[in-house]
Amino acid sequence: MKRNLLLSVALVALLAGCTDDEATANQKLTEALERVVAAQSAPTQTEAHASLVAARDLLAEIRTDLPGTAAALKVVSGETIGTVDLSQLDTLIATAERGMAPELCASNPTALC
């Protein structure tokens, strides 16, 4: 009887942990999508670039820190999330960097400089 109770408590604790991971992953995914949308209407290339990089970083966090979640599966499988997938995001970032190369190079030198 005690063993069944302990197993039940352990299972509930495990499921609660999974739910927290799913909630965290979904929160990060939502924030990444919001940043992509913000980049599209950003007043400057610098702000667009910063939003896109932040979105990419959030998707990378989902992939590496929350690998067992549904959101991570979407990121890893290359599924389009909202309007963009991870490879498209890298292309958008590179385009923003080319558009702002002199401005970016002054504050944060990259391979484009």
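Before reading on, note that the structure itself is shown above.
These numbers come from a predicted model, not from an experiment.

Between helix H2 (residues 45–65) and helix H3 (residues 70–77), the shortest axis-to-axis distance is 8 Å and the interhelical angle comes to 110°. The angle between H2 and H3 places the two elements in the roughly perpendicular class. As H2 packs across H3, the resulting crossing turns out to be left-handed. Contact residues: Leu59, Ile62 and Arg63 in H2; Ala71, Ala72, Val75 and Val76 in H3.

Turning next to the packing of H2 against helix H4 (residues 86–99). One way to put it is that H2 packs onto H4 with a least axis distance of 9 Å and a crossing angle of 155°. The orientation of H2 relative to H4 falls into the category roughly antiparallel. Crossing angle aside, the handedness with which H2 passes H4 is left-handed. Two secondary-structure elements touch here, H2 through Gln45, His49, Leu52, Val53, Ala55, Arg56, Leu59 and Arg63 and H4 through Leu86, Leu89, Asp90, Leu92, Ile93, Ala96 and Glu97.

Tracing the sequence through the fold places Lys28 in helix H1 (residues 2–40). Between the C-alpha atoms of Lys28 and Ala71, which are 43 residues apart in sequence, the distance is 9.0 Å. Excluding residues within four positions of it along the chain, Lys28 makes contact with Leu58, Glu61, Ile62 and Leu66.

Turning next to the nonpolar core. Grouped together as the largest cluster of nonpolar side chains are 21 residues, with contacts concentrated most on Leu29, Leu52, Leu59, Ile62 and Leu89. Looking at this core, the elements that each hand over two or more residues are H1, H2, H3 and H4. For this core, the leading source of residues is H2, giving seven residues. The contacts of Leu52, once residues within four sequence positions are left out, are Val36, Ala39, Leu89, Leu92, Ile93 and Ala96.

Here H2 spans 29 Å end to end across 21 residues, near enough to the 30 Å set by a 1.5 Å rise per residue. Here H2 has its buried residues at Ala48, His49, Ser51, Leu52, Val53, Ala54, Ala55, Leu58, Leu59 and Ile62.

Another point: the pattern of salt bridges. Under the criterion given, the structure shown has four salt bridges. Between Lys28 and Glu61 there is a salt bridge; the shortest N-O distance is 2.4 Å. Of the two residues, Lys28 sits in helix H1 while Glu61 sits in helix H2, which places them 33 residues apart along the sequence. Among the salt bridges present, the one from Asp90 reaches Arg56, with a minimum N-O distance of 3.8 Å. Of this pair, Asp90 sits in helix H4 while Arg56 is found in helix H2, placing the two residues 34 residues apart along the sequence. Classification of Asp90 as partly exposed rests on a relative accessible area of 37%. By relative accessible area, Arg56 is classed as partly exposed at 28%. Via salt bridges that share partners, Arg56, Asp57 and Asp90 belong to a single interconnected network.

Conventions adopted
Residues numbered from 1 in each chain as written. Predicted model: local features only at pLDDT ≥ 70, side-chain atom pairs only at ≥ 80, totals over all residues. Heavy atoms only, no water. Axes fitted to C-alpha atoms, helices over the stretch in contact; angles between N-to-C directions. Helix = DSSP H or I, 4+ residues; strand = E, 2+ residues; numbered from the N terminus. Parallel < 35°, antiparallel > 145°, perpendicular 65-115°, else oblique. Left-handed = near helix turned anticlockwise from the far one by under 90°. Contact = heavy atoms within 4.5 Å. Core = buried A, V, L, I, M, F, W, Y, C linked by side-chain atoms within 4.5 Å. Buried < 20%, exposed > 50% of the residue type's maximum accessible area, 1.4 Å probe, protein only. Expected span 1.5 Å × (residues − 1). Salt bridge = Lys/Arg side-chain N within 4 Å of Asp/Glu carboxyl O.

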